[in-house]
Amino acid sequence: MRLTKFTDLALRVTMRLAVVDTTVAPTSREVAESVAASYTHVAKVVSRLQHLGVVEARRGRGGGLEITGTGRRASVGWLVRELEGSGDVVGCEDSPPCPLRGACRLRAALRDAQEAFYASLDRLTVEDLVGVPAHPGLVELLMPIRR
């Protein structure tokens with residue numbers, strides 16, 4: 001299973017915010033630069049993460065982005081489910097629909113595999129992803145470039 005670019009970026013942004021020094025909340029532009037993504041894509045991701053309660057965004061002087069306690073404790077499986085949606089892995093009902101869908105066992109097998117994938121991610125939290133030994137390396141790699 002391959003995650004969408006949106007979900008991949010959302011996970012990178014979440015990890016980035018999970019290792020940031022909480023005294024200096026980075027801006028969306030700084031986060032975009034540090035995760036090698038466009039500002040517009042990061043803005044869309046931040047909006048979705050904010051809606052999920054994972055990220056808090058403050059505008060104006062002294063503003064910036066901050067991961068919430070809920071975001072830190074969030075299961076990676078829950079986060080990926082929320083971002084990816086609950087759609088099927090294959091498009092059995094697409095237009096035109098698959099002619100084999102009435103007797104096919106593949107759809108159910110793929111749904112089971114998808115759920116096993118999510119279940120394996122349910123055991124991890126965002127904090128697990130950024131804890132030792134990964135934390136120091138993430139901090140160094142994800143430092144925003146100051147000009």
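Our structure is the block above this text.
Note that this is a predicted model, so its numbers are computed, not measured. (Residues numbered from 1 in each chain as written. Predicted model: local features only at pLDDT ≥ 70, side-chain atom pairs only at ≥ 80, totals over all residues. Heavy atoms only, no water.)

A. Seen up close, the pairing of strand β1 (residues 55-58). Where β1 lies against strand β2 (residues 64-67), 4 bridges are found, and the strand directions are antiparallel. Across the sheet, residue arginine 58 finds its bridge partner in β2, namely glycine 64. Remark: 5 residues form the turn of the hairpin made by β1 and β2, two consecutive strands paired antiparallel; glycine 60 in that turn has positive phi of roughly 80°. (Pairing = 2+ DSSP bridges. Helix = DSSP H or I, 4+ residues; strand = E, 2+ residues; numbered from the N terminus.)

B. Spatial organisation of the state of the cysteines. Summed over the entire model, instances satisfying the criterion amount to 0 disulfides. Cysteine 98 forms no disulfide, and the closest cysteine sulfur to it belongs to cysteine 92, at a distance of 6.0 Å. Residue class for cysteine 98 comes out partly exposed when judged on its relative accessible area of 28%. Sulfur of cysteine 104: no disulfide; nearest cysteine sulfur belongs to cysteine 92 and is 6.2 Å away. (Disulfide = S-S within 2.5 Å. Buried < 20%, exposed > 50% of the residue type's maximum accessible area, 1.4 Å probe, protein only.)

C. Representation of the side chain of threonine 7 in the model. Its place among the elements puts threonine 7 in helix α1 (residues 5-18). Exposure remark for threonine 7: the relative accessible area of 0% places this residue in the buried category. Excluding anything up to four places from it in sequence, threonine 7 contacts Val80, Leu83 and Glu84. (Contact = heavy atoms within 4.5 Å.)

D. Representation of the layout of surface pockets. Taken as a whole, the largest pocket spans an internal volume of roughly 330 Å³. Around the largest pocket, the lining comprises 15 residues; the ones closest to its centre are Ser28, Tyr39, Ala57, Arg59 and Leu65. Within the residue set of the lining of the largest pocket, elements represented by two or more residues are α2 (28-34), α3 (39-51), β1 and β2. Here the lining of the largest pocket takes 5 residues from α3, the largest share from any one element. Residues belonging to the lining of the largest pocket are distributed by class as follows: 5 nonpolar, 7 polar and 3 charged. (1 Å grid on protein atoms, 1.4 Å probe; cavity = no way out; pocket = protein on both sides within 12 Å on 5 of 7 lines; lining within 4 Å. Points joined across faces, edges and corners; volume = space filled by probe spheres on them. Nonpolar A, V, L, I, M, F, W, Y, C, P; charged D, E, K, R; others polar.)

E. Inspection of unusual backbone geometry at higher detail. Each neighbour pair has its own omega, and for serine 95 with proline 96 the value is -5°, a cis peptide bond. Mapped onto the secondary structure, proline 96 falls in the loop between α5 (76-84) and α6 (106-122). We note that alanine 36 has phi near 55°; this positive angle belongs to a residue other than glycine. You can see alanine 36 is positioned in the loop between α2 and α3. Residue classification places alanine 36 among the exposed positions, given a relative accessible area of 70%.

F. How the structure looks around the nonpolar core. By size, the foremost hydrophobic cluster in this structure holds 28 residues, and its most contacted members are Val13, Leu17, Val42, Leu49, Val55 and Leu79. The set of elements that each furnish at least two residues to this core consists of α1, α2, α3, β2, α5, α6 and α7 (126-130). The element contributing the most residues to this core is α1, with 6 residues. Valine 55 has contacts with Leu17, Val46, Leu49, Gln50, Leu65, Glu66, Ile67 and Thr68, leaving out every residue within four places of it along the chain. (Core = buried A, V, L, I, M, F, W, Y, C linked by side-chain atoms within 4.5 Å.)

G. Region of interest: the packing of α1 against α3. Contact geometry for α1 and α3: axes closest at 10 Å, N-to-C directions at 75°. One finds that α1 runs roughly perpendicular with respect to α3. Between α1 and α3, the residues in contact are Phe6, Leu9, Ala10, Val13 and Thr14 and His41, Val42, Lys44, Val45, Val46, Arg48 and Leu49, respectively. Partitioned by chemical class, the residues of the contact of α1 with α3 number 8 nonpolar, 2 polar and 2 charged. (Axes fitted to C-alpha atoms, helices over the stretch in contact; angles between N-to-C directions. Parallel < 35°, antiparallel > 145°, perpendicular 65-115°, else oblique.)

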